[in-house]
Amino acid sequence: MVEYFFKIMRNSQQLRKLEHFELVELISDPKTPCHIKQKAIRTLRNIKDRQLAWKIIEKVLPVLETFILHPSNNDLQREALWLLGYVRNYSTIGIIENLIASPQTSPLLKENALRVLGFSISRGSKLAAQAVERLFPILERLITSPQTLDGLKKIAIKTLVKGLPLKVSGPKVEFLKEGYNFVSVNINDILSKVQSPHYPRFISRSLVYDLVNNHILVIKILKEKQHPSSLLREGYWIKYLNKLKTEGHFTDVRFDIPQLLEFSGCYLIKLTNIPIRIPKGIKLHPERYAVCFVVSKEYFCYPNETQPEKVLSGQETKEIMARCAYLLGYLTSLGIIHTEVIPLFHNRIQIGRRFDRGLYKWQFRGRLDRWLVSCDWPNFGKTGIRDFEHIISWDEKPGSQGCSAMYRFIGNHLLSLFLVTGSYFRNRKREMTGWDHKGKPVDARNLFNKSLFKEIVQAILLSYYKGFVGKEYLKEFPFDLDNLIQRAIKEMGIDRHMEERLRIEDQQRMSEEEFKEFLMTKGYSEEEIKRFTKGVKDIILFTGPHLGGFNELISLPEMIDAITIWAALCIIGKYKMVPGAGIEPARGHSLKGF
């Protein structure tokens, strides 16, 4: 019989025609070669009816356990594990769970078992998610132990954030894209609502007036091509956060929330006149939609200023970074998520072509586009968190809910804060960027203060944890902070990666006028632009510094490693604040020999 099977194994179509009991016999027979057993196991995995698959697999379960525990072939071991993950019932999940829980399981087998458990969770298995809860203490030890191998630690984090239930809820909000209310207002109507407005000027897209008592009036005008719903969102969150403040939130930390001005019951206005010239390069919406608010004059004071007269001391910067880290963590714990602390891109040029709009996904460890430019004018400063148009409620997008989504947002926050800290040092001499006259990368490492850099990063991590979890982190850091700072100074201080490519596909999406305008923004003169023909070949642009070469991995993986662990620790800390979380002992089918 087995010889007959061997003959037909050469043809996968014939293999699928075998009766199920014949596959069981084939897998169980010690004479069957490993590669044929693998094919037979994969065939069982293709059975669409999982209940039927389990009836068949149950007959061969002792053999599969032998393949897993006493492997003669690593590929066969892996196939047997994945077959258990496919069935996803109480028995198979129990086997996988006990593999992970057992101290006798090798790191490689444990890693593969976690991978299969994570796969089961992603396919909607509640049993697998429940197993993660029971395994919580073990996963926490794997993540925090310095002895855990990197691969095992990463898959433990990935599995934990997939399966751990985290009860966070945000305010119920709805923003209408159509049918929004606004009122037409002239500048005198606005000025009549404030005291002694003077010294009008533009700061970016906002028309700003100085007021008495160290306050300013900000008329935030919609940008060209933006939708008015972004200003509706800004106004909503200004009102909501002020409401939270009156309810006792933010009492022990500075957070200057703007005071919104309303006109005939509306805070979205259409500005009928602007009394001063609009600076060249600022592109405003032709309808001049705006929101108006009064706020502290320090609203536009950033921790990483480039102008020498505005540069803050190291301790001032540390205080701002720590406080804003706390606020971001605290707001996130309330289900109020700031989605753009700074703009993070893998590739800005491909915003219109890639399905992900070129946005940076830190967990994939890709190259980070124009890190230093991204840090200009962050959405936080001396007054706290700002630019509320980028805030969403956790309950606003049900499809993105889950511990994994929260984990990604936390990582975005930590990454943004880390980068802005690096830019604080580089901005001391912002002109030291790019390549020198000999064509060598600028070396600006002397601008960094290693001990201060470490102090600020440490303050960011601890403050964010306290804000999100609600208690202080009292253990040692589970990664080498000194090495991280040293590597960060090297990668952020030497501009080794300045190039990016304007690919043919991206050029073809532009009109001739857009193509010329784009190249002019990158520093090319009109004479130089005439030498280019759109859509013929890739064009090399010098737009850095970037962290990593074009289409490569990030050049500072240590930063992503630290964020990966710390974001997971925030999730773990928050979960442990729930009484009784993770204390149920593991149970399920035992594996022989354990």
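Summarised in this report is the structure supplied together with it. (Residues numbered from 1 in each chain as written. Predicted model: local features only at pLDDT ≥ 70, side-chain atom pairs only at ≥ 80, totals over all residues. Heavy atoms only, no water.)

## Section: the nonpolar core
Counting residues in hydrophobic clusters, the biggest one holds 158 residues, and the most contacted among them are Leu 64, Leu 241, Phe 250, Leu 419, Phe 453 and Met 559. The biggest single contributor to this core is helix 16 (residues 403–426), with 14 residues. Apart from the residues within four sequence positions on either side, Leu 419 is in contact with Ile 342, Leu 344, Leu 368, Trp 371, Cys 375, Met 492, Leu 547 and Met 559. Of all hydrophobic cores here, the second largest spans 20 residues; its members include Leu 211, Leu 217, Leu 284 and Ala 290. (Core = buried A, V, L, I, M, F, W, Y, C linked by side-chain atoms within 4.5 Å. Buried < 20%, exposed > 50% of the residue type's maximum accessible area, 1.4 Å probe, protein only. Helix = DSSP H or I, 4+ residues; strand = E, 2+ residues; numbered from the N terminus. Contact = heavy atoms within 4.5 Å.)

## A short note on unusual backbone geometry
Leave glycine aside and you will find that most residues have negative phi; peptide bonds, for their part, are mostly trans. In the segment running from Gly 544 into Pro 545, the intervening peptide bond is cis, with an omega of 10°. Although it is not a glycine, Asn 214 sits at a positive phi angle of roughly 60°. Along the chain, the position of Asn 214 falls in the loop between strand 3 (206–210) and strand 4 (215–221). Although it is not a glycine, Asn 551 sits at a positive phi angle of roughly 65°. You can see Asn 551 is positioned in the loop between strand 13 (539–542) and helix 22 (557–576). On the basis of relative accessibility, which here comes to 56%, the residue Asn 551 falls in the exposed class.

## Describing the pairing of strand 7 (residues 289–296)
Across the eight residues of strand 7, eight count as buried, placing the element largely inside the fold. Here strand 5 (residues 259–260) pairs with strand 7 via two bridges, running antiparallel. Looking at strand 7, one finds that Gln 259 is bridged to Val 294. As paired elements, strand 6 (residues 269–271) and strand 7 share two bridges and run antiparallel to each other. Pairing of Ile 269 across the sheet is with Ala 290, part of strand 7. (Pairing = 2+ DSSP bridges.)

## As for the packing of aromatic side chains
Evaluation of the coordinates by the stated rule reveals 27 aromatic pairs. Geometrically, the ring pair formed by Trp 82 and Phe 119 is edge-to-face, given 5.1 Å between the ring centres and 75° between the ring planes. With Trp 82 in helix 6 (residues 74–87) and Phe 119 in helix 8 (residues 107–122), the pair connects residues that are 37 residues apart, well separated along the chain. Its relative accessible area of 22% is what places Phe 119 among the partly exposed residues. Ring pairs connect the aromatic residues Phe 250, Phe 255, Tyr 326, Tyr 330 and Phe 388, which therefore count as one cluster. Over the ring of Phe 263 we find Lys 193, and its NZ or CZ is 5.1 Å from the ring centre. Sitting over the face of the ring of Tyr 299, Arg 386 holds its NZ or CZ atom 4.2 Å from the ring centroid. (Phe/Tyr/Trp six-rings, centres within 6.5 Å; stacked < 30°, edge-to-face > 60°. Lys NZ or Arg CZ within 6 Å of the ring centre and 35° of its normal.)

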